Amino acid sequence: LSGEVDPAPSYPPWWFIDADSRAGELMKALIKEQGCVPFAKTDRDDDIACFDGADCSGNPRVVMVCSTPERSYVFADFTAWLKQANLDPSQHRIT
């Protein structure tokens, strides 16, 4: 991902987290799916974007861990997630 994303990106309502930070460790503990590596969160729906840690392709899919499990969804990769994150916040919710 180096060079592909502004080093200080802003994708409201998303914010990036360091998976090794205290917040990242807490999110990992809250996520029940094994192998998920959280990297972003939105306060809008309390959704957490995670890389699929079991995907060894070098371009892992993004698994959305949602506050309501019936609303969970997946993106093919980070680029697909980022494209959605760049949309107007009123348009980004996927159902």
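Residues numbered from 1 in each chain as written. Predicted model: local features only at pLDDT ≥ 70, side-chain atom pairs only at ≥ 80, totals over all residues. Heavy atoms only, no water.

Engineer: What's the story with the pattern of salt bridges in this structure? I'm lost.
Structural biologist: Opposite charge on two side chains makes pairing possible when the charged atoms of those side chains draw close. Applying the stated criterion to the full structure yields 1 salt bridge. The partner of Asp-52 in a salt bridge is Arg-61, with the nearest N and O atoms 2.8 Å apart. With relative accessibility at 36%, the residue Arg-61 sits in the partly exposed group. (Salt bridge = Lys/Arg side-chain N within 4 Å of Asp/Glu carboxyl O. Buried < 20%, exposed > 50% of the residue type's maximum accessible area, 1.4 Å probe, protein only.)

Engineer: How should the packing of aromatic side chains be read in this particular structure?
Structural biologist: Each aromatic ring pair is summarised here by two numbers: the centre-to-centre distance and the angle between the ring planes. Tallied over the full model, the rule gives 8 aromatic pairs. Taking the centre distance of 4.3 Å and the plane angle of 25° together, the rings of Phe-39 and Phe-51 count as stacked. Pair noted here: Phe-39 is in strand β2 (residues 36-42) and Phe-51 is in strand β3 (residues 48-52), with a separation of 12 residues, a long-range link. The class for Phe-39 is buried, based on a relative accessible area of 8%. A residue is classified by how much of its surface remains accessible, and Phe-51, at 19% relative accessible area, is buried. Put simply, the rings of Phe-16, Phe-39, Phe-51, Phe-78 and Trp-81 touch in pairs and so form one group of aromatic residues. (Phe/Tyr/Trp six-rings, centres within 6.5 Å; stacked < 30°, edge-to-face > 60°. Helix = DSSP H or I, 4+ residues; strand = E, 2+ residues; numbered from the N terminus.)

Engineer: Help me out: how do you make sense of the nonpolar core in this one?
Structural biologist: In summary, soluble globular proteins display a tendency toward joint burial of nonpolar side chains. The biggest cluster of nonpolar side chains holds 14 residues, and the ones touching the most others in it are Trp-14, Phe-39, Ala-49, Val-62, Met-64 and Trp-81. Where this core is concerned, the elements lending two or more residues are β2, β3, β4 (62-65), β5 (73-75) and α2 (78-85). Sorting elements by how many residues they give to this core places α2 first, with 4 residues. With near-sequence residues (within four places) excluded, Met-64 lies in contact with Trp-14, Asp-47, Ile-48, Ala-49, Ser-72, Tyr-73, Phe-75 and Trp-81. Listed in part, the 6 residues of the second largest apolar core include Ile-17, Met-27, Cys-36 and Cys-50. (Core = buried A, V, L, I, M, F, W, Y, C linked by side-chain atoms within 4.5 Å. Contact = heavy atoms within 4.5 Å.)

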